[in-house]
Amino acid sequence: GESVGLHLPTLSVQEGDNSIINCAYSNSASDYFIWYKQESGKGPQFIIDIRSNMDKRQGQRVTVLLNKTVKHLSLQIAATQPGDSAVYFCAESRQGYSTLTFGKGTMLLVSP
Amino acid sequence: GAGVSQTPSNKVTEKGKYVELRCDPISGHTALYWYRQSLGQGPEFLIYFQGTGAADDSGLPNDRFFAVRPEGSVSTLKIQRTERGDSAVYLCASSFAPGETQYFGPGTRLLVL
């Protein structure tokens, strides 16, 4: 079936580096994409979202890029900090559907 | 402001027992969602409410699972005759309207012995 998936299960970076977390999706009907951060023992925390009519969206230290041609989504974190260590999930939904389909997640480990 | 709250935070029960999990959404949010998350996996959709009615319950795994939202605010997820395979984190989320950003609660960790 169609699903959202991640390329890398674990990403290790040094504090201050820029991090890039990737996500592939297979449903061409998907039109809304979200990145969540989940720390151990907590619920997913909204980071940033993007709709299919955009290619890029920026927040505070984070940027989401959407490439609809190859069905690829990425999350860029600038100047990564130890507090950014968590599991990051991409999720998608499509017009007419309000539910989210999540990928398996990427663990980001930031070393001081 | 207050976020989504869920109670209890942890629940241990025995196989065959009945459990209720509660979700209190963000005030003013009309849409409420239940997801289940197994260890090492992303959340999986269970059921979604718009107001008091279940708009989509296609994710409920079987008829042992049921959820209500009688007044369009608090929701309760009910699991009958629990099985060990029901052990997971049950997450609740709410959004201002369908299709808007979903904000998650901390989850209820259910362990069925």
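The preceding data block contains the structure.
Described in the following lines is the structure provided in the data block. All residue numbers refer to position in the chain's written sequence, counted from 1. Labels are handed out in written order, letters beginning with A for the chains and numbers beginning with 1 for the ligands. Note on the predicted model: pLDDT of at least 70 is required for a residue's local features to be given, and 80 or more for side-chain atom pairs to be given and counted; whole-chain, interface and lining totals, by contrast, use all residues. Working from all heavy atoms in the structure, the side-chain values ignore hydrogens and water.

### Quick notes on the state of the cysteines
At step 1: When two cysteine sulfur atoms are found within 2.5 Å, that pair is recorded as a disulfide. Under the definition given, this model contains two disulfides over all chains.
At step 2: Across the disulfide, C23 of chain A is cross-linked to C90 of chain A (sulfur-sulfur distance 1.8 Å). Handedness here is read from the sign of the S-S torsion; for C23 of chain A and C90 of chain A, about 55°, the answer is right-handed. Highlighted residues: C23 of chain A in strand 3 (residues 19-25) and C90 of chain A in strand 9 (residues 86-94), separated in sequence by 67 residues.
At step 3: Buried, partly exposed and exposed residues are distinguished by accessible area as a fraction of the type maximum, computed with a 1.4 Å probe on protein chains only: under 20%, between the cut-offs, and over 50%, respectively. Looking at C90 of chain A, the relative accessible area reads 0%, which means it is buried.
At step 4: There is a disulfide in this structure between C23 of chain B and C92 of chain B, and the S-S distance comes to 1.8 Å. With the S-S bond torsion at -70°, the cross-link from C23 of chain B to C92 of chain B turns out left-handed. With a gap of 69 residues between them, C23 of chain B in strand 3 (residues 19-24) and C92 of chain B in strand 9 (residues 88-95) connect regions that are remote in the sequence. In terms of burial, C23 of chain B and C92 of chain B fall into one category: buried. We count a stretch as a helix when DSSP gives it H or I for four or more residues in a row; a strand needs E for two or more, and each element gets its number in order from the N terminus.

### Observations concerning the interface of chain B and chain A
At step 1: Contacts between chain B and chain A engage 21 residues on the former and 17 residues on the latter.
At step 2: Surface buried jointly by chain B and chain A totals about 1400 Å² across both partners, of which 53% is contributed by carbon and sulfur atoms.
At step 3: It is P43, T101 and F104 of chain B in chain B that bury the most area against chain A; as a group they hold 28% of the surface buried on that side.
At step 4: Here, a salt bridge means any side-chain nitrogen of Lys or Arg that lies within 4 Å of a carboxyl oxygen of Asp or Glu. Our count for the contact surface shared by chain B and chain A stands at zero salt bridges.
At step 5: Nitrogen and oxygen atoms within 3.5 Å of one another constitute a polar contact, given that in protein one can donate a hydrogen and the other can accept it, and given that sequence-neighbouring residues count only through two side-chain atoms. Counting across the chain B and chain A interface gives eight residue pairs in polar contact (both at pLDDT 80 or more).
At step 6: When contributions to the side of chain B that touches chain A are tallied by element, the ones reaching two or more residues are strand 4 (31-37), strand 5 (44-50) and strand 10 (103-104) of chain B.
At step 7: Looking at the side of chain B that touches chain A element by element, the count peaks at three residues for strand 4 of chain B.
At step 8: Amino acid classes used here: Ala, Val, Leu, Ile, Met, Phe, Trp, Tyr, Cys and Pro are nonpolar; Asp, Glu, Lys and Arg are charged; the rest, including Gly, are polar. For the side of chain B that touches chain A, the per-class residue count stands at 10 nonpolar, eight polar and three charged. Two residues qualify as a contact provided that any one of their heavy atoms is within 4.5 Å of a heavy atom in the partner residue. What counts as buried area is the accessible surface, traced by a 1.4 Å probe, that two parts surrender upon association, with contributions from both included.

### Focus on the nonpolar core
At step 1: Among buried residues, those of type Ala, Val, Leu, Ile, Met, Phe, Trp, Tyr and Cys that are joined through side-chain atoms within 4.5 Å constitute a nonpolar core. The biggest cluster of nonpolar side chains holds 20 residues, and the ones touching the most others in it are I21, W35, L73, L75, Y88 and L108 of chain A.
At step 2: When contributions to this core are tallied by element, the ones reaching two or more residues are strand 2 (10-14), strand 3, strand 4 (30-38), strand 5 (45-51), strand 7 (62-67), strand 8 (72-77), strand 9 and strand 11 (106-111) of chain A.
At step 3: When residues no more than four places from it in sequence are discounted, the contact partners of I21 of chain A are L11, W35, L73, S74, L75, Y88, T106 and L108 of chain A.
At step 4: Judged by nonpolar contacts, the second largest core, of 19 residues, contains V19, L60, Y90 and L110 of chain B.

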